[in-house]
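Structural features, examined
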Amino acid sequence: MGAAYRTVVVGTDGSESSFAAVDRAAAVAGDAGATLVIACAFYPASKTDVDKAQDVLGDEAYQVVGSAPAEDTLQSARDRAVRAGAEKIDTIAVKGDPVDSLRKVVLEREADLLVVGNRGLNTIAGRILGSVPSEVARKSGVDVLIVHTT
């Protein structure tokens, strides 16, 4: 494989910090002529469930409730990505846990770069990377770019 990235995945939950990661991912994808895949995890859940989840996950939960807010978040993220220079953009709303969702998108799309913000890093990135079996990580050869959004 050449040095250029072909598929860049970034997660967003609509927060400023996740949008900063989208901006950086879009710039990298644009430079490389890569496809940018923006993922948003959502729970088809009640507000109470989500408040509980927020308590556990902290503010970098990478998830919203319901598919309509997810689509709105993805639309905003797409607009930002276009401004930041990305040309080929796919958006995907994934039902379920943010960590599992991002991992699934990375594997399904055979991404070679995953971009995450550093806020809540010990929860999100740590859990994504820590939970990818090392063999899979080696085989998929995913680079990770940590964007300092704080």
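Presented here is a report on the structure given in the accompanying data block. (Residues numbered from 1 in each chain as written. Predicted model: local features only at pLDDT ≥ 70, side-chain atom pairs only at ≥ 80, totals over all residues. Heavy atoms only, no water.)

Right, let's get into the overall build of the protein. Helix and strand counts for the protein come out as six helices and six strands. Reading the protein from its N terminus to its C terminus gives the helix and strand order β-α-β-α-β-α-β-α-β-α-α-β. Expressed as a percentage of the 150 residues in the protein, the buried residues total 44%. For the protein, long-range pairs separated by at least 24 residues make up 79% of all intrachain contacts whose partners lie at least 6 apart in sequence. Carbon and sulfur atoms make up 51% of the accessible area of the protein, which amounts to about 7,300 Å² in all. (Helix = DSSP H or I, 4+ residues; strand = E, 2+ residues; numbered from the N terminus. Buried < 20%, exposed > 50% of the residue type's maximum accessible area, 1.4 Å probe, protein only. Contact = heavy atoms within 4.5 Å. Areas by Shrake-Rupley, 256 points an atom, 1.4 Å probe, with all protein chains shown as cover.)

Moving on: the environment of Val 147. Note that Val 147 resides in strand E6 (residues 143-147). Classification of Val 147 by relative accessible area gives buried; the value is 4%. Between the alpha carbons of Val 147 and Ala 21 there is a distance of 5.8 Å; along the sequence they are 126 residues apart.

Turning next to the nonpolar core. Grouped together as the largest cluster of nonpolar side chains are 23 residues, with contacts concentrated most on Val 8, Val 10, Val 22, Leu 36, Ile 38, Ala 81 and Val 115. Breaking this core down by element, the ones donating at least two residues are strand E1 (7-11), helix H1 (16-32), strand E2 (35-43), helix H3 (67-83) and strand E5 (113-117). By residue number, the principal contributor to this core is H1, which donates seven residues. Leave out the neighbours within four places in its chain, and Ile 38 touches Val 10, Thr 12, Val 22, Leu 74, Ala 77, Arg 78, Ala 81, Ile 89, Asp 90, Thr 91 and Ile 92. Core analysis: the second largest hydrophobic core is formed by 10 residues, Val 9, Ala 39, Leu 102 and Ala 111 among them. (Core = buried A, V, L, I, M, F, W, Y, C linked by side-chain atoms within 4.5 Å.)

Now for the side chain of Ser 15. With respect to the secondary-structure elements, Ser 15 resides in the loop between E1 and H1. Of note is the side chain of Ser 15, whose polar atom sits 2.7 Å from the side chain of Asp 13. (Polar contact = N/O pair within 3.5 Å; in protein donor to acceptor, adjacent residues only side chain to side chain.)

Most of the time, phi is negative for any residue but glycine, and the peptide bond is trans. With a phi angle near 50 degrees, Glu 110 is a residue other than glycine that sits in the positive phi range. Among the structural elements, Glu 110 can be located in the loop between helix H4 (98-108) and E5. Since its relative accessible area comes to 64%, Glu 110 is described here as exposed.

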